[in-house]
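Each chain, letter by letter, is given below.
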Amino acid sequence: MPGESLVSILWKFACANALPGHALLHLISPEVDPQEGWAPVRDAIDLKRLCRMLRVPSSMLSASLSGAAPHDRYHEVFRYCRQCAAHGYHSVLFQREDENLCPAHHQSLQTRCPHCNGETPYILNAGVIGAPFRCGWCHSHYSYGRLSLLSTTSAMRRQDRIAISRRLRLGSAGGDTCIETSQ
Ligand SMILES: [Zn+2]
Ligand SMILES: [Zn+2]
């Protein structure tokens, strides 16, 4: 999905491969304590390693991370659109300080859990990866019910993808891919 955040991608990858959060984070960055984790910003992650592991283009992974420059200010708590969460989607766009609405569903972005009112930090750690599209505190779903992360159908409608792409102004993401990198 355009602009899908690394958190959203890793939730699906962990589910598809039945990997517990701490095991996945250890594979991405063995030197970091998986309980503490790290912020999903470009400078904090070894993109080449991640690219080899997930087998997706590095341009896509780079776009899935927030920038670390001062003008790239992002929310430090997880912000979501409830309808996107119901489709198993979270965008880097939602973390930007200057974004307040989901471009696809025109709903305000939320930070608080509908059940316990808690806010989950926007961090890649074992607790967050272990609770896909759920509150980090009480584990309630951010969407309206359970969702199947293992579904292979295209979850978001075409017009929703277009609305998000437009907002991202993805343009021509260069050919900097490493799909063919051999093991
Ligand atoms: Zn949405
Ligand atoms: Zn909660």
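Residues numbered from 1 in each chain as written. Chains lettered and ligands numbered in written order. Predicted model: local features only at pLDDT ≥ 70, side-chain atom pairs only at ≥ 80, totals over all residues.

When helices and strands are counted, the protein chain shows seven helices and zero strands. When the elements of the protein chain are put in sequence order from the N terminus, they spell out α-α-α-α-α-α-α. Out of the 183 residues in the protein chain, the part that is buried amounts to 33%. For the protein chain, restricting intrachain contacts to residue pairs at least 6 apart in sequence, the fraction spanning at least 24 positions comes to 67%. (Helix = DSSP H or I, 4+ residues; strand = E, 2+ residues; numbered from the N terminus. Buried ≥ 20, exposed ≤ 12 C-beta atoms within 10 Å, placed from the backbone. Contact = placed C-beta atoms within 7 Å.)

Relative to the assigned elements, N125 resides in the loop between α5 (82–86) and α6 (126–129). Residue N125 is classed as buried on the basis of its C-beta count, with 20 C-beta atoms lying within 10 Å. Expressed as a C-alpha distance, the spacing of N125 and P34, which sit 91 residues apart in the sequence, is 5.4 Å. Not counting the four nearest positions on each side in its chain, N125 is found in contact with L25, P34, Q35, E36 and G37.

All of the buried residues along helix α1 (residues 6–16) are L6, V7, S8, L10 and W11. In the segment just after α1, A18 is the residue with positive phi, at about 50°.

Attention now goes to the nonpolar core. Where a protein is soluble and globular, its nonpolar side chains tend to be buried together. Membership of the largest hydrophobic core comes to 36 residues, with the highest contact counts inside it found for L10, Y80, C81, C84 and I129. Of all the elements, α1 adds the most residues to this core, at four residues. When residues no more than four places from it in sequence are discounted, the contact partners of C81 are F94, C102, H105, Q107 and L109. (Core = buried A, V, L, I, M, F, W, Y, C linked by C-beta atoms within 7 Å.)

It is worth spelling out the environment of E99 at this point. Within the secondary structure, E99 is located in the loop between α5 and α6. Classification of E99 as partly exposed rests on a count of 17 C-beta atoms within 10 Å. A sequence separation of 68 residues divides E99 from R167, and the C-alpha atoms of the two residues are 9.9 Å apart. The residues touching E99, leaving out its near neighbours within four places in the chain, are L93, F94 and L109.

The next point concerns unusual backbone geometry. Notably, R55 is not glycine yet its phi reads approximately 55°, a positive angle. Considering the arrangement of structural elements, one finds R55 in the loop between α3 (47–54) and α4 (58–63). Accessibility expressed as a C-beta count within 10 Å gives 11 for R55, which makes it exposed. Even without glycine at this site, F133 takes up a positive phi of about 55°. Within the secondary structure, F133 sits in the loop between α6 and α7 (158–168).

Looking at the protein chain, the pLDDT average stands at 85 and 84% of residues meet or exceed 70. Here α5 stands out as the element of the protein chain with the lowest mean pLDDT, 89, in contrast to α6, whose mean of 95 is the highest. Between residues 170–183, whose pLDDT stays under 50, and residues either more than four places distant or in other chains, the model counts 17 contacts. (pLDDT = per-residue confidence, 0-100.)

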